[in-house]
Amino acid sequence: MPATARLETQFAPPAQSPKAIAITNKVSGEGGFGQLEWLGSLMTDNVARHLREAFSVEVITGDQPVIHENLWHVEIETCRFSASSVGVRMALSRPSRGLHIWADRTTVEMQGAPPSDHPDIALLSNRLVDALGDELLLGRDPETDCPDSICRRAIRSMFAIQSDAVLSADKMFERAFQIKARGLYLAWRAQAKTIMKIERHGYDEQALKDEAESLCARALEIEPNNSMVLATVANTFCLTLRSYDRSMFLAKRSVQLNPQNPMAWFALSSANMHAGNSKEALKYTLKANQLASTSPHRFWWDSQVFAAALSTGKFSEAEYFAESCRLQNPDFRPPLRYLIALHARAGRQEDALRMVEQLKAIEPGFTVDRLVKDREYPAALLHQNDQFDLSKIAELA
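How each quantity is defined
- Residues numbered from 1 in each chain as written.
- Predicted model: local features only at pLDDT ≥ 70, side-chain atom pairs only at ≥ 80, totals over all residues.
- Heavy atoms only, no water.
- Axes fitted to C-alpha atoms, helices over the stretch in contact; angles between N-to-C directions.
- Helix = DSSP H or I, 4+ residues; strand = E, 2+ residues; numbered from the N terminus.
- Parallel < 35°, antiparallel > 145°, perpendicular 65-115°, else oblique.
- Left-handed = near helix turned anticlockwise from the far one by under 90°.
- Contact = heavy atoms within 4.5 Å.
- Nonpolar A, V, L, I, M, F, W, Y, C, P; charged D, E, K, R; others polar.
- Phe/Tyr/Trp six-rings, centres within 6.5 Å; stacked < 30°, edge-to-face > 60°.
- Buried < 20%, exposed > 50% of the residue type's maximum accessible area, 1.4 Å probe, protein only.
- Expected span 1.5 Å × (residues − 1).
- Core = buried A, V, L, I, M, F, W, Y, C linked by side-chain atoms within 4.5 Å.
- Polar contact = N/O pair within 3.5 Å; in protein donor to acceptor, adjacent residues only side chain to side chain.

Caption draft 1: Region of the structure containing the packing of helix α4 (residues 147–158) against helix α6 (residues 183–198). Interhelical geometry of α4 versus α6 gives an angle of 15 degrees and a closest axis separation of 11 Å. The pairing of α4 with α6 is recorded here as roughly parallel in orientation. Crossing hand, α4 versus α6: left-handed. For the pair α4 and α6, contact is made by Pro147, Asp148, Cys151, Ile155 and Met158 and by Tyr185, Trp188, Gln191, Ala192 and Ile195, respectively. A breakdown of the residues in the contact of α4 with α6 according to their chemical character gives 8 nonpolar, 1 polar and 1 charged.

Caption draft 2: How the structure looks around the packing of aromatic side chains. Across all of its chains, the model carries 11 aromatic pairs by this definition. Taking 6.1 Å as the distance between ring centres and 40 degrees as the angle between the ring planes, the aromatic pair formed by Trp300 and Phe332 counts as tilted. Taken together, the positions of Trp300 in helix α12 (residues 298–311) and Phe332 in the loop between α13 (315–328) and α14 (333–345) put the pair 32 residues apart, joining distant regions of the chain. Accessibility assignment for this pair places Trp300 and Phe332 in one class, buried. Taking the centre distance of 6.1 Å and the plane angle of 45 degrees together, the rings of Phe366 and Tyr377 count as tilted. Of the two residues, Phe366 sits in the loop between α15 (349–362) and α16 (368–373) while Tyr377 sits in the loop between α16 and α17 (381–384), which places them 11 residues apart along the sequence. On the accessibility criterion, Phe366 (4% relative accessible area) is buried. Note on Tyr377: relative accessible area 2%, which makes it buried. Among the aromatic residues, ring-to-ring pairing joins Phe159, Phe266, Phe299, Trp300 and Phe332 into one connected group.

Caption draft 3: A look at α12. Between its terminal C-alpha atoms α12 stretches 20 Å, which fits the 20 Å expected from 14 residues at 1.5 Å a residue. When you tally the buried positions in α12, you get 12 out of 14 residues, the bulk of the element. Phe299, Trp300, Trp301, Asp302, Ser303, Gln304, Val305, Phe306, Ala307, Ala308, Ala309 and Leu310 are the residues of α12 that are buried. Once α12 finishes, Gly313 follows within two positions and takes phi at roughly 80 degrees, a positive value.

Caption draft 4: Quick look at the nonpolar core. Counting 90 residues, the largest nonpolar core has Phe159, Trp188, Val233, Met263, Trp300, Ile340 and Ile393 as its most contacted members. Excluding anything up to four places from it in sequence, Ile393 contacts Ile340, Ala341, Ala344, Val368, Leu371, Val372 and Leu382. The next biggest cluster of nonpolar side chains, apart from the first, holds 29 residues, and it includes Phe55, Val57, Met90 and Val108.

Caption draft 5: Structural view of the side chain of Ser28. Tracing the backbone through its elements, the reader meets Ser28 in strand β1 (residues 20–28). Only 2.4 Å separates the side chain of Ser28 from the side chain of Glu77, close enough to count as a polar contact. With sequence-adjacent residues up to four places away left out, Ser28 is seen in contact with Glu77, Thr78, Cys79 and Arg80.

Caption draft 6: Representation of unusual backbone geometry within the structure. Within the chain, Ile161 stands out as a residue other than glycine whose phi angle is a positive 75 degrees. Structurally, Ile161 can be placed in the loop between α4 and α5 (163–179). If you check the backbone angles, Arg242 has positive phi at about 55 degrees while not being a glycine. Tracing the backbone through its elements, the reader meets Arg242 in the loop between α8 (227–239) and α9 (244–257). On the basis of relative accessibility, which here comes to 45%, the residue Arg242 falls in the partly exposed class.

The structure is reproduced here in structure tokens:
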């Protein structure tokens, strides 16, 4: 078979595939070609796993993709700068339209084994996924029933946190599942239910729990080896269903399957916090935060950092990340609840009262008395840490 025919066979997208992504490797410069090619292959594997987990696309690899309308192209380029350092560049494009969508690079030390799991390379891969998600949100294609586009819009809406936005996200995830029956969309629906519960959006709690449990079971049945499915389901088991052993098991498996997934480390941190392993929880959430440091939803990971820091008595770090979280998303209630307590603990009554007013504006029915006395109110860390003088918080009433 001629070489051209082989390439066309290899890169032709499946007949029913709405989209395909080709990943190619390129080695630049001189020296260490064997190591760099091996590094490129490992990064290709990691990127392909990210893309398959997050999007409903066919991922194909090779040297010369055949250009067609629905092909997106990821190029991974490596270059040795010295005996101990290597540069890595990733780029996303749509060749048929001549669109250069995104590119970024990093430089890492390379001594011994190829550093495919280096945190900076993992962050680069996550930025690539975010760039692809952003491109889907732009809606350049006339296709309105693309499940990936619907899912990315739903994720953006869900992390707006407001009640109407989360409910809208739930419906969009449901629509994406109707188009393509992926466990991923069911798992994201379960995550939306968890946010509804955390944010006290006024839904029947038992009904939320029942639906979330059903969504988790079905998601795991369809995609048991998708680390994003496992992570979001683990969060639901921990924060909504309070099945902590199950949450720990699923979170560990999520990290095992994809250690470059920040949501996997978030889930493992949350599971360890509820198991009383505060130091491990902080270690894992810092890992997640590093991997998600450029995410448009970074506040979500910052929220877990401030919670884990608070549980270990690191109050200055907890305040820093809670404030960062608040500034990124002023409608997210958890940081405001704990900033009230942190300011009161430090004797900053005016700052604490300012947080009280901000929380009252977005949480009807909130009272300081409820924060202090209601153990069902979602501020459990105040009651678990004996370094909080609840009487100081009560004085704000």
